[in-house]
Number of protein chains: 2
Amino acid sequence: MIFQLRYRLLEVQKSCCIYPDSACTERKRRPSPLYGQQDMNEPLLDNSEGQLFLTEAFKVIIEEVLCKGTDVKEKVCEWREPEELAALLDLELRENGEPQHQLLQRIRDVAKYSVKTNHPRFFNQLFAGVDYHALTGRFLTEALNTSQYTYEVAPVFVLMEDEVLSKLRSLVGWAEGDGIFCPGGTMSNMYAMNVARYRAFPEVKLKGMWSLPRLAVFTSQQSHYSVMKAAAFQGIGTENVFKVKMQGHLSLPLFTYQGAVPFFVHATSGTTVQGAFDPLEPIADICDRQGLWMHVDAAWGGSVLFSKEHKHLMRGVERADSVTWNPHKMMLTGLQCSAILLKDTTHLLKHCHSADAKYLFQQDKFYDTSLDTGDKSIQCGRKVDCLKLWLMWKAVGSKGLEERVDRAFTHTRYLVEEMKRREGFELIGKPLFVNVCFWFIPPSLRGKENSPDYNDRLSKVAPVIKERMMKQGTMMLGYQPQGGRVNFFRMIVISPQLSHQDMTFCLNEIERLGNDL
Amino acid sequence: MIFQLRYRLLEVQKSCCIYPDSACTERKRRPSPLYGQQDMNEPLLDNSEGQLFLTEAFKVIIEEVLCKGTDVKEKVCEWREPEELAALLDLELRENGEPQHQLLQRIRDVAKYSVKTNHPRFFNQLFAGVDYHALTGRFLTEALNTSQYTYEVAPVFVLMEDEVLSKLRSLVGWAEGDGIFCPGGTMSNMYAMNVARYRAFPEVKLKGMWSLPRLAVFTSQQSHYSVMKAAAFQGIGTENVFKVKMQGHLSLPLFTYQGAVPFFVHATSGTTVQGAFDPLEPIADICDRQGLWMHVDAAWGGSVLFSKEHKHLMRGVERADSVTWNPHKMMLTGLQCSAILLKDTTHLLKHCHSADAKYLFQQDKFYDTSLDTGDKSIQCGRKVDCLKLWLMWKAVGSKGLEERVDRAFTHTRYLVEEMKRREGFELIGKPLFVNVCFWFIPPSLRGKENSPDYNDRLSKVAPVIKERMMKQGTMMLGYQPQGGRVNFFRMIVISPQLSHQDMTFCLNEIERLGNDL
């Protein structure tokens, strides 16, 4: 096996230490087995063999995940019932290791039964498609494997994060400010709530909530559930989150609310289901008047700021105190890439979160320790999330990112027109963003809107179509009920792998799968 | 350029869509430029070109990060002052994109100026070295790019996370229980504190801290700073964290403490600096008697559970309610890989964190929705962190992981003996784990322990040696003051790339760099 790998790899790369004549062979261990009796004068792992394995695996990834995974003639998913899948994957972890060829087969299996989120017909999530430059950045991040807390161990990434955050802030409209990459939008929203609380009541860090009056958070009906998670986690309580109407206008006496003291308004740019944008200017007026922290959760919608044509959706965002923005969604950097951006220039983030660990943040270092940004974080070790975005941005420029955003809007318009031309597709509102929400009304329900069981029957349509598409693997899109509306589809059209024919296919496929319902 | 890439790649892989005769060429766009005028009937990105770029970048990663990055003849770091580095990297993000060859050069630059944490002479952090199977798992994770919240979009990873967590729990000594992978040990510790609070006072989720008595957290002097971060973030307050003596024995009247109600004891297995282990049995006795949640932060030390010889360090861990364990540290999975494990079988994790988002966790799905584990998390989108650990475990088996742990202990003994043989190396305690803490006493200070300025002068030794090693790039290890001790070195010897000669080199190098001080 090893010989075969070695032979194949000889074709790939002549300049690297996996070859006998290279510089670093002196540190090679016996060729096989990878793990066995130990000689402490030799490394435990043979780097050459490891690199051979990685190279073979890379070919499998290219073939199974990236070639087949973006090919419309291949399935989006290969559905299996959980019990069957568990058996197929043989997940059990055992005492002994396995030979390399078996591990390569395991990689093929993991790829085969995983959902192909890079596939042009994956419309299921707020991420879809693959950008190869971002993916390259992710591979490089993984290979370098460092932690984003000090200039000492992450010199490139400390400077790079600063540059990327600064550029994102400039799109928000801030010439200066602060920020940090977080493991996801929920964490970014939590940062905002925590920093807002600290600004209003700095004693909370030492004394906890008992030193504070009862607090109130305001958000809109359709805001993301992370605001509830944050309130629960941070000891504020979900009952102290008040959902108010923000679409259109705000009408709230925020000074005190059911006895609680308001401190935080959580607005949304791009709601999860419908892609709605709260009107930021009137919200900013109220926050200004009452000294409230204004946070904009633009995890999903933030990317409109790249587009001259569409950034008006977030008019007024520069008046916010903080913004959550997830480039791993519309910008396709890959999970995880979420930024919390702050207008603050007083180091609130650091004051609020620092714990001054002496083993990391020594003050007698030989360089400027303000570059050791790790104490701004609530984490200690922190994954490098800036490189993938930076490399993609370098590759296509702000213009390329703008094009991507504009194209998604164009796709949305096309999809909406296609739906209007067809019987049985009933749009829910006119999409303002790239979420297309609609019911499919099967022939048996058309014209029956006034039947007493109409909603009940309609609610069962999307789940059945979903089950069928998953089991046949032809495409993926999501559904949900919302407010008074029974189950409806939500289709997200952002993938750079996507073309009109994929959307046409999707509508045809819904008809094919649902016409008998 | 493209032709050259194409030619070189022809040697690599015959079965993939980057070749003209492959199945998916029908979806190719014009060969160049990557981004330009749009045709909506074509994908925005050309997959073939993207894959060519990724393949070229992969070769650079193999060569620069993995070959050179593990070669002792190459530097551990290529130190540059921040201003110089920023200029070298040309970080600015511009309107226009860049050609592929320039992007490849950027990848080389990022690699060149990044710290080589895979290098045998990187002793600086609680992670070091590279496992190629884990790295393969990370590449595969990145290529598949899904979110770990539902069986629908992550079928393989929902089952795999369950298996890996179950196996980790069995090493703790639990036949059943719960758990989840988190973005780092601090987050895992936060989960523990939050679930403990919820078990004691479930009303906190709705009503916040105002409905609760003032709470108290207990931990040891040397516990990780994340316990303070957690207390601040969750509204408990750092003043309500009481640091008590746990090394040796506990002596605390925990019932009420300065008027606060104890609910959570945060013990440590493997402290950050010295690698000390709190005695878990007596802590468990107290927690049992008083109904307190016992959490063990084994982010660093947990991996001793793989070793029959060393697991006694965590005797009693099975009596804990929760355990934090970071395989990205000693097990080398790569950041981020941290598990919070719970003994609980009553779905506390879900009850405590769920927000029942209907757009993700529909109850009318066609499969068992208990597989949609995302609502156990405080995150929404969550990176897949289980695959890298699973693949590495499959590759080497529990035995291989045990060998790795035992080998690190053996390295530690060797290093200690080497230090004892040499003048000028003064160990701080006898290492119980794989942290070796010591002062280097330069010749000018030897025998001067009673001088009034001894500590002051000694405190300046480690920072200067550190500066010199960084600027010359020969190796990296950390230093810090602690308690009454002035700056001392901490050397971590866990890398599978490590051999005795690297440790000998390190001691020689400290002498070389510090003998004139």
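Worth saying up front: this structure is predicted, and the values here are computed from it rather than measured.

Chemist: Just give me the short version of the overall build of chain A, but keep the residues and values in it.
Modeler: Along the backbone of chain A there are 15 helices and twelve strands. At 26 Å, chain A has a C-alpha radius of gyration in line with the 24 Å of a compact globule built from 517 residues. Projected onto the principal axes, the alpha-carbon positions of chain A cover approximately 75 × 70 × 45 Å. A burial count over chain A gives 69% of its 517 residues as buried. Approximately 16500 Å² of chain A is accessible, and the part contributed by carbon and sulfur atoms is 51%. On chain A, the mean spot of the 62 positive side-chain charges and the mean spot of the 61 negative ones are 3 Å from each other.

Chemist: Can you lay out the sheet that holds strand 6 (residues 293–297) of chain B for me, pointing to particular residues and giving the numbers?
Modeler: Residues and elements named next belong to chain B. Spatially, seven strands are ordered 2-8-7-6-5-3-4 in an open sheet, and the strand pairing comes out mixed. The strands lining the two open edges of the sheet, one partner per strand, are strand 2 (178–182) and strand 4 (241–244). Averaged over all pairs of adjacent strands, the angle between strand axes in this sheet comes to 20 degrees, irrespective of strand direction. Bridging between strand 7 (residues 322–325) and strand 8 (residues 338–342) involves four bridges; their strand directions are antiparallel. Note that in strand 8 the partner of Trp 325 across the bridge is Ala 339. Together, strand 3 (215–220), strand 4, strand 5 (261–268) and strand 6 form the strand contacts of helix 9 (residues 226–233), whose direction differs from that of strand 4 by roughly 160 degrees.

Chemist: Go over the sheet that holds strand 4 (residues 241–244) of chain A with me, naming the residues and quoting the values.
Modeler: Residue and element names in this part refer to chain A. Spatially, seven strands are ordered 2-8-7-6-5-3-4 in an open sheet, and the strand pairing comes out mixed. The two strands at the open ends of the sheet, each matched to only one other strand, are strand 2 (178–182) and strand 4. Taken pair by pair, the neighbouring strands of this sheet meet at an average axis angle of 20 degrees, ignoring direction. Relative to strand 5 (residues 261–268), strand 3 (residues 215–220) runs parallel, the two being bridged by five bridges. Among the inter-strand pairings, Phe 218 is bridged to a residue of strand 5, identified as Val 265. Of the strands in this sheet, strand 5 and strand 6 (293–297) touch helix 10 (residues 280–290), which is tilted by about 155 degrees from strand 6.

Chemist: Go over the relation of the copies chain B and chain A with me, naming the residues and quoting the values.
Modeler: Overlay of chain B on chain A (RMSD 0.0 Å): rotation 180 degrees, translation along the axis 0.0 Å. Classification of the inter-copy transformation places it as that of a two-fold axis. When C-alpha positions in chain B are compared against the rotation axis, the closest is assigned to Gln234(B), at 2.0 Å. Looking at chain B, 100% of its interface residues are interface residues in chain A too, so the copies touch through the same face.

Chemist: An account of the UniProt feature "modified residue: N6-(pyridoxal phosphate)lysine" (unreviewed entry) in chain A is requested, with residue identities and associated values reported.
Modeler: Residues and elements named next belong to chain A. As recorded in UniProt, the feature "modified residue: N6-(pyridoxal phosphate)lysine" (unreviewed entry) lies at Lys 329. Looking at where Lys 329 falls in the secondary structure, it is placed in the loop between strand 7 (322–325) and strand 8 (338–342). A relative accessible area of 15% means that Lys 329 is categorised as buried. If we ignore the near neighbours within four places in the chain, the residues touching Lys 329 are Leu 126, Phe 127, Ala 299, Trp 300 and Ile 494.

Chemist: Describe the interface of chain B and chain A, listing the residues and the values that go with them.
Modeler: Contacts between the two partners involve 190 residues from chain B and, on the opposite side, 190 residues from chain A. Summed over both partners, the interface of chain B with chain A buries about 17400 Å², with 62% contributed by carbon and sulfur atoms. It is Leu93(B), Trp210(B) and Phe233(B) in chain B that bury the most area against chain A; as a group they hold 6% of the surface buried on that side. The interface formed by chain B and chain A includes twelve salt bridges. For Lys207(A), the salt bridge identified is with Glu239(B), shortest N-O distance 3.2 Å.

Chemist: Tell me about the packing of aromatic side chains, and please be specific about residues and values.
Modeler: A complete count under the given rule lists 41 aromatic pairs over all chains for this structure. Seen from their ring centres, Tyr225(A) and Tyr359(B) are 6.2 Å apart, and the 55 degrees between their planes marks the pair as tilted. Of the two residues, Tyr225(A) is situated in the loop between strand 3 and helix 9 (226–233) and Tyr359(B) in the loop between helix 11 (348–353) and helix 12 (387–421); the pairing between them involves two chains. Geometrically, the ring pair formed by Phe277(B) and Phe433(B) is edge-to-face, given 5.2 Å between the ring centres and 85 degrees between the ring planes. With a gap of 156 residues between them, Phe277(B) in the loop between strand 5 and helix 10 (280–290) and Phe433(B) in the loop between strand 9 (425–427) and strand 10 (435–440) connect regions that are remote in the sequence. By relative accessible area, Phe277(B) is classed as buried at 11%. Among the aromatic side chains, those forming a connected cluster through ring pairs are Phe58(A), Phe139(A), Phe58(B) and Phe139(B). Between the NZ or CZ atom of Arg121(A) and the centre of the ring of Phe505(A), over which it lies, the distance is 3.8 Å.

Calculation criteria
- Residues numbered from 1 in each chain as written.
- Chains lettered and ligands numbered in written order.
- Predicted model: local features only at pLDDT ≥ 70, side-chain atom pairs only at ≥ 80, totals over all residues.
- Heavy atoms only, no water.
- Helix = DSSP H or I, 4+ residues; strand = E, 2+ residues; numbered from the N terminus.
- Rg over C-alpha atoms; globule rule 2.2 N^0.38 Å.
- Buried < 20%, exposed > 50% of the residue type's maximum accessible area, 1.4 Å probe, protein only.
- Areas by Shrake-Rupley, 256 points an atom, 1.4 Å probe, with all protein chains shown as cover.
- Lys, Arg positive; Asp, Glu negative; His and termini not counted.
- Charge placed at Lys NZ, Arg CZ, Asp CG, Glu CD.
- Pairing = 2+ DSSP bridges.
- Axes fitted to C-alpha atoms, helices over the stretch in contact; angles between N-to-C directions.
- Contact = heavy atoms within 4.5 Å.
- Least-squares fit on C-alpha atoms with pLDDT ≥ 70 in both.
- UniProt positions renumbered as here; feature names shortened; annotations may be inferred.
- Buried area = accessible area lost by both parts, 1.4 Å probe.
- Salt bridge = Lys/Arg side-chain N within 4 Å of Asp/Glu carboxyl O.
- Phe/Tyr/Trp six-rings, centres within 6.5 Å; stacked < 30°, edge-to-face > 60°.
- Lys NZ or Arg CZ within 6 Å of the ring centre and 35° of its normal.

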